[in-house]
Amino acid sequence: RKLIKFKVSKNATLFLVVTFCGVFLDLITKWIVFANFKDTERLVIIKGFLWIVCSKNEGIVFGLAQGRNNILIFFCIAAIGAILWFYRNFDRSGLSPNIAFGMILSGAIGNLWDRIFHHHVRDFIDVHLGMGYHWPTFNIADSLICAGVGLIFYETLFTKNRGSMLTRKTAL
């Protein structure tokens, strides 16, 4: 019997490590917060700015599509498929694309996990921006998605390799 050997590039390894670490960080922080806080309990981290709370979001960003969990599971799976398609078909040389797509994928997986096993997304980071403005509560998965998308925009618009990350690979 021969063992099947998989050869994984350095870039793909980085992508997988970032994805795994992001999912782990998201799920472990949700577990810690939701295991140790009651639904109405709040922990002030920075007075007037940052709190930790338990929030169950049955919808999507800004509380839209409440109670549509099964449809949102389908869209999460479709989004994961799209992320993998973009990762596979566009330039992934260098650190940035592998880190960015790994962050985005890990955030999508973390929130999909919540939808499947908890029937809502567990949010806990609560930011107040002063003058009564309250940002919608979010989690590490949401932060990873935003940071990954931000990294793609930054690399695409402001670096010497402008646009290269979103350049489709050509077939040889």
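Reference entry: report on the structure contained in this document. (Residues numbered from 1 in each chain as written. Predicted model: local features only at pLDDT ≥ 70, side-chain atom pairs only at ≥ 80, totals over all residues. Heavy atoms only, no water.)

**Concerning the packing of aromatic side chains**
Okay, step 1: As enumerated under the stated definition, the model contains 10 aromatic pairs in all.
Okay, step 2: With 5.6 Å between their ring centres and 65° between their planes, Phe74 and Phe75 make a pair best called edge-to-face.
Okay, step 3: Taken together, the ring pairs in this structure connect Phe15, Tyr87 and Phe101 into an aromatic cluster.
Okay, step 4: It is Arg92 that lies over the ring of Tyr87; its NZ or CZ is 5.2 Å from the centre.
Okay, step 5: Taking NZ or CZ as reference, Arg122 lies 5.9 Å from the ring centre of Phe34, over its face. (Phe/Tyr/Trp six-rings, centres within 6.5 Å; stacked < 30°, edge-to-face > 60°. Lys NZ or Arg CZ within 6 Å of the ring centre and 35° of its normal.)

**Section: a nonpolar patch on the surface**
Okay, step 1: A contiguous nonpolar patch, built from Leu43, Ile45, Ile46, Phe49, Leu129, Tyr133 and Trp135 and spanning about 660 Å² of accessible area, is present on the exposed surface.
Okay, step 2: Within the secondary structure, Phe49 is located in the loop between β1 (42-46) and β2 (50-57). (Patch = residues over 30% accessible without salt bridge, like charges linked within 9 Å, V, L, I, M, F, W, Y side chains within 5 Å. Areas by Shrake-Rupley, 256 points an atom, 1.4 Å probe, with all protein chains shown as cover. Salt bridge = Lys/Arg side-chain N within 4 Å of Asp/Glu carboxyl O. Helix = DSSP H or I, 4+ residues; strand = E, 2+ residues; numbered from the N terminus.)

**Digging into the packing of helix α3 (residues 95-118) against helix α4 (residues 140-158)**
Okay, step 1: α4 packs onto α3 with a crossing angle of 155° between their chain directions and a minimal axis gap of 7 Å. On the basis of their axis angle, the class for α3 and α4 is roughly antiparallel. In this structure, the crossing between α3 and α4 has a hand that is left-handed. On the side of α3, the interface is formed by Ser96, Ile99, Ala100, Phe101, Met103, Ile104, Ser106, Gly107, Ala108 and Asn111, while α4 contributes Ala141, Asp142, Leu144, Ile145, Ala147, Gly148, Val149, Leu151, Ile152 and Glu155. (Axes fitted to C-alpha atoms, helices over the stretch in contact; angles between N-to-C directions. Parallel < 35°, antiparallel > 145°, perpendicular 65-115°, else oblique. Left-handed = near helix turned anticlockwise from the far one by under 90°. Contact = heavy atoms within 4.5 Å.)

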